[in-house]
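Commentary on secondary and tertiary structure
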Amino acid sequence: MRFELTELDTLEAESVHIVREVAAEFERPVLLFSGGKDSLVLLRLAEKAFWPCRIPFPVMHVDTGHNFPEVLDYRDRRVAELDVELVVASVQASIDAGRVAELPGPSASRNRLQTTTLLDAIAEHRFDAVFGGARRDEEKARAKERVFSFRDEFGQWDPKNQRPELWNLYNGRHHPGEHIRVFPLSNWTEADVWEYIAQESLEVPSIYFGHRRQVFRRDGLLISTGPHVAPGEHEEVFEATVRYRTVGDMTCTGAVESAAATLEEIIAEVAAARIGERGATRADDKVSETAMEDRKREGYF
């Protein structure tokens, strides 16, 4: 009987290989884990890479302080289940220390402030490899990334100066103070992620499914009301059935109107979508055509 690999089997094998390669080649890797769909798949792949042993490196969440409570609850439960070390890098702590300044205005977001917090945490813990859940289909700047993305001593990325990755050979050479961002999900799509979640029967935060929520429209996005987000004078609050395609800071992450209540319904919805999840739901990516690339050059994920 001939056994044939599925597309998900191939993607999983490639990603597990990358995770193991990093564990073998680097001294102090860390996995960025927000509790979002991509990072939870990445954590599952790390779990598989070293099973039955524990994951041999910590996970880190860059916490803006304006996160969805449902996602933080999921983050803490999943980390406890796997008995893995959690490092929380706090944007609020960076503000309190004077490392960054809170932006003014009703539409202000802490999303861009995460860069300084992330780079400070990398330096403090001397991490030399940082796993991220970015995928090339998310956004055009991320499509330029290699699997191993070199960052200089300032955490900066130069898209014109990247190392070749012929035959899946990865160059992790770096000097002290430099580090490598690693993207094992580079070749995955949003649909692949959801199909893998269904295949593995993974729990996801409840906000990914359709639910009733108080929202208002801002810059074409449905923004949830909450302790960190207040509607403006002419922004009318109403109740709608929505879900989230991506998870981030509440102040800049929009919902989509959807009644999808199962993984099968989400997979069908994603298959029919014609706009990527970031383009459809992230206000910080709408600042300019090069918003993501500008942030990545500064050291963003």
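Read on for a plain summary of the structure.

The rules behind the values
Residues numbered from 1 in each chain as written. Predicted model: local features only at pLDDT ≥ 70, side-chain atom pairs only at ≥ 80, totals over all residues. Heavy atoms only, no water. Axes fitted to C-alpha atoms, helices over the stretch in contact; angles between N-to-C directions. Helix = DSSP H or I, 4+ residues; strand = E, 2+ residues; numbered from the N terminus. Parallel < 35°, antiparallel > 145°, perpendicular 65-115°, else oblique. Contact = heavy atoms within 4.5 Å. Pairing = 2+ DSSP bridges. Buried < 20%, exposed > 50% of the residue type's maximum accessible area, 1.4 Å probe, protein only. Polar contact = N/O pair within 3.5 Å; in protein donor to acceptor, adjacent residues only side chain to side chain. Salt bridge = Lys/Arg side-chain N within 4 Å of Asp/Glu carboxyl O. Phe/Tyr/Trp six-rings, centres within 6.5 Å; stacked < 30°, edge-to-face > 60°.

**What to know about the packing of helix α1 (residues 7–25) against helix α6 (residues 190–200)**
It is the contact of α1 with α6, at a shortest axis distance of 11 Å, that shows an interaxial angle of 95 degrees. Put simply, α1 runs roughly perpendicular to α6. Facing α1, whose interface residues are L8, L11 and E12, α6 presents D192, E195, Y196, Q199 and E200.

**Section: the sheet that holds strand β8 (residues 221–224)**
Spatially, β8-β7-β9-β10 is the arrangement adopted by the four strands of the open sheet, whose pairing is antiparallel. Among the strands making up the open sheet, the edge pair consists of β8 and β10 (256–257). Across two bridges, strand β9 (residues 238–243) lies against β10 in antiparallel orientation. From the neighbouring strand, V242 faces β10, where its bridge partner is E257.

**Topic: the environment of D137**
Its place among the elements puts D137 in the loop between β4 (129–131) and β5 (148–151). We classify D137 as partly exposed; its relative accessible area is 36%. Counting along the chain gives 52 residues from D137 to T189, while the straight-line C-alpha distance between them is 6.0 Å. Residues in contact with D137, not counting those within four places in the same chain, are W188, T189 and E190. A distance of 2.9 Å separates polar atoms of two side chains, one belonging to D137 and the other to R135. Within the local environment of D137, its side chain forms a polar contact with the backbone nitrogen of E190, the two atoms lying 3.2 Å apart.

**Notes on unusual backbone geometry**
Between W51 and the following residue, P52, the backbone shows a cis peptide bond with an omega angle of 10 degrees. Inspection of the secondary structure puts P52 in the loop between α2 (37–50) and β2 (59–63). With phi around 60 degrees, R126 is a residue other than glycine that occupies positive phi space. Among the structural elements, R126 can be located in the loop between α5 (114–125) and β4. Of note in the backbone geometry, W167 takes a positive phi value of approximately 55 degrees without being a glycine.

**Here's the deal with the sheet that holds strand β6 (residues 179–182)**
Here six strands make up an open sheet; going across it, the order is β3-β2-β1-β4-β6-β5 and the pairing mixed. One side of each edge strand has no neighbouring strand; the edge strands of this open sheet are β3 (86–90) and β5. Sheet twist, expressed as the mean angle between neighbouring strand axes with direction ignored, is 30 degrees. Across two bridges, the pairing between strand β1 (residues 29–32) and β2 is parallel. Each residue of the ladder has a partner; that of L31, found in β2, is V59. Where α1 meets the sheet, its contacts fall on β1, β4, β5 and β6, and the angle it forms with β5 comes to roughly 40 degrees.

**Focus on the pattern of salt bridges**
If you walk through the whole model with that rule in mind, you get 20 salt bridges. E200 is paired through a salt bridge with R44; the nearest N and O atoms lie 2.9 Å apart. On the criterion of sequence distance, the pair formed by E200 in helix α6 and R44 in helix α2 is long-range, its members being 156 residues apart. Ionic pairing is found between D83 and R54, a salt bridge with its closest N-O pair at 3.3 Å. Taken together, the residues D83 in the loop between α3 (69–82) and β3 and R54 in the loop between α2 and β2 connect sequence positions 29 residues apart. It is possible to trace a salt-bridge network through shared partners that takes in E12, R44, E47, K48, R78, E81 and E200.

**Observations concerning the packing of aromatic side chains**
Applying the stated criterion across every chain yields a total of seven aromatic pairs. Through a chain of ring-to-ring contacts, three or more aromatic side chains come together here, namely F26, F148 and Y170.

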